[in-house]
Structures are given as structure tokens and as C-alpha cells.
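Residue-level listing of the chains:
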Amino acid sequence: MKIECLAVNPLPAAPVCLRKPFSFSLYGVEIQDDYAWIKAENWKDVLKDPSALDPQIKTYLDQENAYTDAALTGTEDLRKRLVSEMRGRIKEDDSSVPEVDGAYAYFTRYREGGQHPLICRTARGGDDEVVLLDGDKEGEGQAFFDLGGAEHSPDHRYLAWSADLKGSEYFTLRVRETATGLELADEVPGTAGDAVWLGDSSGFYYVELDENHRPVRVRLHRLGTPASEDKAIYEEHDPGFFVNISATQSDAFVLIEASDHETSEVWIIDRADPTGTLRLVEPRTLSLRYDVEHHGDQLVIVTNADGAEDFKIMTTPVAAPGRSNWRDLVAYRPGVMILFTVALAKHLVRLEREDAKPRIVIREFATGREETIAFEEETYSLGIDPGYEFDTTIIRYRYSSLTTPSEVTDYDLATGTRTLRKRQQVPSGHDASNYVTRRIFATAPDGQSVPVSLLHHRDTPIDGTAPCLLYGYGSYGMSIPAGFRTNILSLVDRGFVFAIAHIRGGTEKGWRWYLDGKREKKQNTFTDFIACGHALADARYTSRGRIVAHGGSAGGMLMGAVANLAPELFVGIVAEVPFVDVLNTMLDAELPLTPPEWPEWGNPGEDEAAFRTILSYSPYDNIKPQNYPGILALGGLTDPRVTYWEPAKWVARLRATMTGGGPILLKLNMEAGHGGAAGRFDRLEEVALTYAFAIKSVTGFKA
């Protein structure tokens, strides 16, 4: 398949955003922000009710959407083909492998043509399916519907489930009977979406969001009582810390974690005794991170204590869990990063990564004997699904690569037997031998070696003529797995090279890789990405000026930064929900994510050095009078994470400042938030839009 020749149509006149002079000074520096008015004064109301948006702002956003539609005229048939191709790779009636829990097995499935999942169960080992929750039915008639958590009670009589109807991530929790499907009167609004049941199934814990959309309070809801009477169990008073809840695999304890990007603190409460006292494992200490699991009379601690930068595993008595009693179980090994740990009755299972390749290690508690599950492919993705049960010898893992569809395997910890439970089906067909995956390395300006995972069709010429979609993120220590992606095949089959830049700010090469891409070292993230683009061109996978860069959220900030630093390297840039107004956002402590983000970026309101660092790279504040590649920015009106005005202001200033290039396009979903469209097929429309933009960027917007 070749890249389609698209008609070149005259571009319509772009909207001209009204400038309202506004400036402020800090540390003797004047900041001009003539587009600040696009931020609605009542933005908190807009998150809950989009109709509350100021009409002047709405008119401008509508104009931007109309301009983008006009600029992409001629791609309609291409987008339909793309959607058809991507949908053809989805098994529409797909289902997950059932997870056993006592007398039942729980799973999700989709119906043919359905947008949302169905939550189902059968008797353990049985075939008679019961649909506990029908996502399509619940979402019927809703402009937006996102199913959040769905957690059955320990006695299997109830299902606590949540949904967001605005895209603003305010989830309402509800409860229904599993036997009858009847909804109880219980309704808990304004939550983070998850529930952890009491051991006796009489109620559940949940996290409440405050007026600034921050998860700050844990409450206990008793079935049959109004939410207004829910007891506060824990409240976080530091606006920089977010709260979440979970349970140990043993089901013995509820875990309440308060954390930011550097520091964590965990409280435990006996799941069988909600009247019991919260117990603190270890008070928060700056830069000390730890996670908690449970085994017998011990807690299992994964931590960076004692300089274990890539983490180690320790144990401590449940009765006296403080740090003075922590003892090494799995010693720290520099360069081996522990990613995830689950404690089962007889085994401790961990996922770790070394040299950017993950593996599973199984440790027998009684003997300390360890065995490893590893794979030979050059680049791949690996994950653990711990399931519901504690006293089990079965652990489930998921494996895929850029060429290999996802495989779900059950591993018997006692015998070492592997049982393939599911292989991802691609209904339209997939021949892995038609594709080539490689890992190359780029050399950053400071000499660091940056991994790049890439995929191309075997018939794609490696002579510099191929276009490339280069994806990057590089923040919060998040690594981007080189796993199987069906959507990207629509570009790869058209001759694109797809590449993932494993840049600093992620943890592909350990925690130090993350630390070297944050705060005062943030520039490394951007220069790493640019180096990856040059390395791909030098290796003849593509050429400079044939690369479409792609990133979202904090990866959208990356897109804005590299557009300013190296516009000539890219023919196009796709920035989804881009965090581009970094300085203004980090100065506004009322925004939902600002205080918790200060450890990641710095607090410019209190720290002049942080102010000057952020000012040096903030994409919105560093737009220059230069040529820019074509840019497609996407956002969501009710996004509480990257607010809608960030991409809107960025696009307005780009157009007003640039000396040539473009076009600069903004597509704002007026009925969704950070994740875009919630339905699985609706989301394909958005993907098709970005791919059509990438193809149009390569073939040309202008004659």
C-alpha cells in the first residue's frame, strides 16, 4: 500500500484570535500574555457543565474547529478508509480471559458494534454468563460516557461501579445487586472512580475530589445510607499530595497512599475491622518512595531507601512497620529497576527491567529460590496481571512486541508450566513476517545513548525516502513500552517508519534516566528527542524534514519545545492535549494538578531558579518569529489535566508570531476531556484525523 495522493486545496483564512493586552512581572521579568482571556474565569464550572463556557470563548473555539475541518478538506475519504482499516483489526466481540475469584470468574467483553465494555461473570469453571453491567446500555444517549471502576464485593452480591458523563473525570459511584441487576439507591458523586470494599461487603472506601478536582479525602460509604453521611477516614492537607486507595493482594489491608512525584506515605487499615485505627507505615520523608504489600506477619516494601535509586525489596513486621525495622529481602542492584511486585501465599513475583528489557522474577518465600521469565526479541512489552486470589500458584502475564500481537499466558509457579490463554486476534489479518522491528541508539549532545524502538514494513526502502512518525513522552518516569499497536499499521503499511524515542524523563534506563530529564535537566528530554530524529535520518530510515513528531499531554509539551528548537527537522507535529503553557500553569496553584506537579517541574512562584528554568523552555513562552512545520493540536473542553486554553493560546500565539510554514490547526473536542472520545470506535475517528494530518503533512498542504 502506498501513501495516497491527496488533493491540494487552497487553505482558507485562519482565525485571528483577539489580543487583549495583559502582562505581569515576577523576579524583574515581564511576562506578556495577550491570550490569557481564553481561560474562562469560571473554568471550574465549565468542567462540570460545558454549557457554562463564556460565549465569546466558545465562538473562538468553534472558529478554530471549523478552520481545521476546512484545512483538512480532501482527507474525508482517507479518514474513512483509515477508520475502516483500524476497525477491521479489532475483534469486535473481543473478551478478556476470565479472572477467578472464589466460586466465580469475572471478565469483560464487547458485543459486535458496541462502544463500551460489558462486565460479566460465570461460575468458576462454568459457561453460563451473567452480564453484571452493560456499558453500551449505560452510555446510551450520552454525548460522553466513560466507565470507570467496576469492583465486585467479597461476597459477590454487589457490584460497585462508576461513570463520568462529562469527560471531566468526576466519577459517580453506584451499586447494583449481581443476582437481580437492580440498582441500589446508593449514589456517591464527585469521586476518583474506584472503590475498595469492606471485608464483610457492607460498604466501601472511596476517594473524594475537592473543589479543585484533587483527590484528597478517603471516605467510608455504608450501603443503604446517604453519601452525605459518609465518614471521612483520611484527609490530605498538603495540596501537593494526591490520595489513592487499594488493597493488598492478601485482602487483609486497605492501603491509603498519599504521594507526589518524589515522596510517598502509606497508611493501612484492617479490611475486616473498619472501626480500627489507621496505622502509618512510615512518615513521609522528602524523596523517600515506598509501596506496600502484605505476607503473613510481614509487610513487603518496595522502596528507594538507603540510596536504592532503582528500588529494592524489604520486609517489616505488621505490628511495628516503621523504617527502623525494614530489612532487605531483595538487595538493590544498580541498573536493575523494580517496576511492580505482588505477594502471593507462597511466592513473591516482581517485574523488573535491565538494559531497557523487562523480565519477571519469581521468588519462593520459603527458600528464597528465584527463577526468571524472559524473552529473546530485541524489543518488547511485558506486564503482570495479579488477578484476585492470594493463595494461588498461577500468575498471568501479557507479552507483545511491535510485530507480535498480545499474548496472555498463565504460568504455574509450582511446575513452571506455561498455558497460553489468549492470543490477540486481528480479524483483517496480520503476518508478523511482513514487518521488521529494530532498536537503534541515538547519541545525545552530552554523549548519552538514547534507545529508539522502530517498526517498518519489510518492503519499505531504507534509503532515506520513507516518512517517519516519531513518538515521544519523557516525563514522570513513565516508560513507553514497545508493544503491539494495531492502529499504527495503517501508517506502516503506507510506507511510514514508526519509531518510539525512549528519552530522558522516562525510566527505560532506570530511575536516573528519569532524574536526568526533569526540573533543571528538562532540556535533556527535548535534545534527546531531536537526537533521535537525527539518528533515524543518519541511519537512512527517514530524512530530515520527513519526520512527523507525535506526543500527548506532557509529551505535547515535548512537541511544543522541539517545534521551537528544531522546526526544520519535522514536516509535521501532532500535539494531543499538549501541556504547553507551563509557566502560567505552574504559577496557578488553584489548578487541579499544579501543586502536585511542582516536584516534577519546580515551583516558579517560590523559586526564582525554577522560574527561569521553566521560562527557558515553556513552549508558549518561547515561540519565535521563524518557520514552523504544520502543527495539529488536539484538546478537550472538560479536560482537568491539561486545560483547554493551553492548546488554544499556543495556536493563537504561533500564528501571530511565525514567519512561515504551517498550517497551525486546533481541534477541540467540545464534549470530552483528557482522553478524548470514550467509545472505542469514536476514538478511531480521532486517530484517523491525526494520521490523515500526518499523511497530508508528508504529501503537502500547499501547492
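An account of the accompanying structure is given in this report.

Basis of the calculations
Residues numbered from 1 in each chain as written. Predicted model: local features only at pLDDT ≥ 70, side-chain atom pairs only at ≥ 80, totals over all residues. Heavy atoms only, no water. Helix = DSSP H or I, 4+ residues; strand = E, 2+ residues; numbered from the N terminus. Rg over C-alpha atoms; globule rule 2.2 N^0.38 Å. Contact = heavy atoms within 4.5 Å. Areas by Shrake-Rupley, 256 points an atom, 1.4 Å probe, with all protein chains shown as cover. Lys, Arg positive; Asp, Glu negative; His and termini not counted. Charge placed at Lys NZ, Arg CZ, Asp CG, Glu CD. Salt bridge = Lys/Arg side-chain N within 4 Å of Asp/Glu carboxyl O. Buried < 20%, exposed > 50% of the residue type's maximum accessible area, 1.4 Å probe, protein only. Axes fitted to C-alpha atoms, helices over the stretch in contact; angles between N-to-C directions. Parallel < 35°, antiparallel > 145°, perpendicular 65-115°, else oblique. Left-handed = near helix turned anticlockwise from the far one by under 90°. Pairing = 2+ DSSP bridges. Polar contact = N/O pair within 3.5 Å; in protein donor to acceptor, adjacent residues only side chain to side chain. Core = buried A, V, L, I, M, F, W, Y, C linked by side-chain atoms within 4.5 Å. Phe/Tyr/Trp six-rings, centres within 6.5 Å; stacked < 30°, edge-to-face > 60°. Lys NZ or Arg CZ within 6 Å of the ring centre and 35° of its normal.

### Comments concerning the overall build of the protein
Okay, so step 1: Scanning the protein for helices and strands turns up 13 helices and 39 strands.
Okay, so step 2: Taking 27 Å as the expected radius of gyration for a compact globule of 703 residues, we find that the protein reaches 25 Å, a close match to that expectation.
Okay, so step 3: At a minimum sequence separation of 6, the contacts of the protein that also span at least 24 residues come to 57%.
Okay, so step 4: When the accessible surface of the protein is totalled, it reaches about 27200 Å², and 49% of it is carbon and sulfur.
Okay, so step 5: Separation of charge centres in the protein, based on 74 positive and 103 negative side chains, amounts to 4 Å.

### Remarks on the pattern of salt bridges
Okay, so step 1: Going through the model one piece at a time under the given rule, you end up with 53 salt bridges.
Okay, so step 2: Glu370 is paired through a salt bridge with Arg363; the nearest N and O atoms lie 2.9 Å apart.
Okay, so step 3: In this structure Arg363 comes out as buried when scored by relative accessible area, which is 16%.
Okay, so step 4: Asp410 is the partner of Arg421 in a salt bridge, and the nearest nitrogen-oxygen pair spans 2.8 Å. Within this pair, whereas Arg421 is found in strand β29 (residues 418-423), its partner Asp410 is found in strand β28 (residues 407-412), the two being separated by 11 residues in sequence.
Okay, so step 5: Among the charged side chains, a network of salt bridges with common partners joins Arg333, Arg350, Glu352, Glu354, Arg359, Arg363 and Glu370.

### With respect to the packing of helix α3 (residues 76-88) against helix α13 (residues 680-699)
Okay, so step 1: Relative to each other, α3 and α13 sit at 125 degrees, their axes nearing to 9 Å. One element, α3, and the other, α13, form an angle in the oblique class. Seen from above, α3 lies across α13 with right-handed handedness. For the pair α3 and α13, the contacting residues are Leu78, Arg79, Leu82, Val83, Met86 and Arg87 in the first and Phe681, Leu684, Glu685, Val687, Ala688, Leu689, Tyr691, Ala692 and Ile695 in the second.

### A few points about the sheet that holds strand β22 (residues 336-343)
Okay, so step 1: The antiparallel open sheet is built from four strands, whose spatial order is β22-β23-β24-β25. Each end of this open sheet is capped by a strand with a single partner; those strands are β22 and β25 (370-373). Pairs of neighbouring strands in the sheet enclose a mean axial angle of 25 degrees, with direction left out of account.
Okay, so step 2: Where strand β23 (residues 347-354) and strand β24 (residues 357-364) come together, eight bridges link them in antiparallel fashion. Across the sheet, the residue bridging to Arg353 is Pro358, located in β24.

### Describing the pairing of strand β33 (residues 497-501)
Regular strands place their side chains on alternate faces of the sheet.
Okay, so step 1: Extensive coverage of β33 is indicated by the burial of five of its five residues.
Okay, so step 2: Neither face of β33 is exposed, since Val497, Ala499 and Ala501 on one face and Phe498 and Ile500 on the opposite face are all buried.
Okay, so step 3: Sheet topology places strand β31 (residues 449-457) next to β33; four bridges connect them, and they run antiparallel. Residue Leu455 lies in a different strand from β33, and its bridge partner there is Phe498.
Okay, so step 4: The pairing of strand β32 (residues 468-472) with β33 spans five bridges and is classified as parallel. Bridge assignment links Cys468 to a residue of β33, and that residue is Val497.

### Observations regarding helix α11 (residues 608-617)
Okay, so step 1: Taken as a whole, α11 has its buried residues at Ala610, Phe611, Ile614, Leu615 and Tyr617.
Okay, so step 2: The elements touched by buried residues of α11 are β1 (23-26), β2 (29-32), α7 (523-538), α8 (554-565), α9 (582-587) and α10 (594-601).
Okay, so step 3: The N-capping residue of α11, defined by a side-chain oxygen 3.0 Å from the backbone nitrogen of Ala609, is Asp607.

### Observations regarding the sheet that holds β32
Okay, so step 1: Strand order in the open sheet made by the eight strands is β30-β31-β33-β32-β34-β35-β37-β39, with mixed pairing throughout. The strands lining the two open edges of the sheet, one partner per strand, are β30 (435-443) and β39 (664-669). On average, adjacent strands in this sheet sit at an angle of 20 degrees to one another, irrespective of strand direction.
Okay, so step 2: As paired elements, β30 and β31 share nine bridges and run antiparallel to each other. Each residue of the ladder has a partner; that of Ala442, found in β31, is Val450.
Okay, so step 3: Sheet contacts for α8: β32, β34 (547-552), β35 (570-576) and β37 (630-636); angle to β34, the most-contacted strand, approximately 140 degrees.
Okay, so step 4: Contacts between α13 and the sheet are confined to β34, β35, β37 and β39, with β35 contributing the most and set at about 160 degrees to the helix.

### Some words on the nonpolar core
Okay, so step 1: If you look at the biggest cluster of nonpolar residues, it comprises 121 residues, and the most contacted ones within it are Ile38, Leu61, Phe529, Leu536 and Tyr644.
Okay, so step 2: It is α13 that provides the largest number of residues to this core, a total of 11 residues.
Okay, so step 3: Once you skip the residues sitting within four places of it in the chain, Tyr644 turns out to touch Ile38, Lys39, Ala40, Leu53, Ile57, Leu61, Gly636, Leu637 and Leu668.

### Regarding the packing of aromatic side chains
Okay, so step 1: Counting across every chain of the model gives 24 aromatic pairs.
Okay, so step 2: Plain terms: the ring middles of Trp511 and Tyr514 are 4.9 Å apart, the flat faces sit at 75 degrees to each other, and that makes the pair edge-to-face. Here Tyr514 and Trp511 lie together in helix α6 (residues 511-515), a separation of three residues that amounts to about one turn.
Okay, so step 3: For Trp511, a relative accessible area of 12% puts it in the buried group.
Okay, so step 4: Judged by its relative accessible area of 1%, Tyr514 is buried.
Okay, so step 5: Measuring from centroid to centroid gives 5.7 Å for Phe693 and Phe701, while their planes differ by 45 degrees, and the two rings are tilted. Like Phe693, the residue Phe701 is buried in the burial classification.
Okay, so step 6: A network of ring pairs unites the aromatic residues Tyr158, Trp197, Phe204 and Tyr206 as a single cluster.
Okay, so step 7: Arg121 extends its terminal NZ or CZ atom over the ring of Tyr104, reaching a point 3.8 Å from the ring centre.
Okay, so step 8: Directly above the ring of Trp513 sits Arg504, whose terminal nitrogen or CZ lies 5.5 Å from the centroid.

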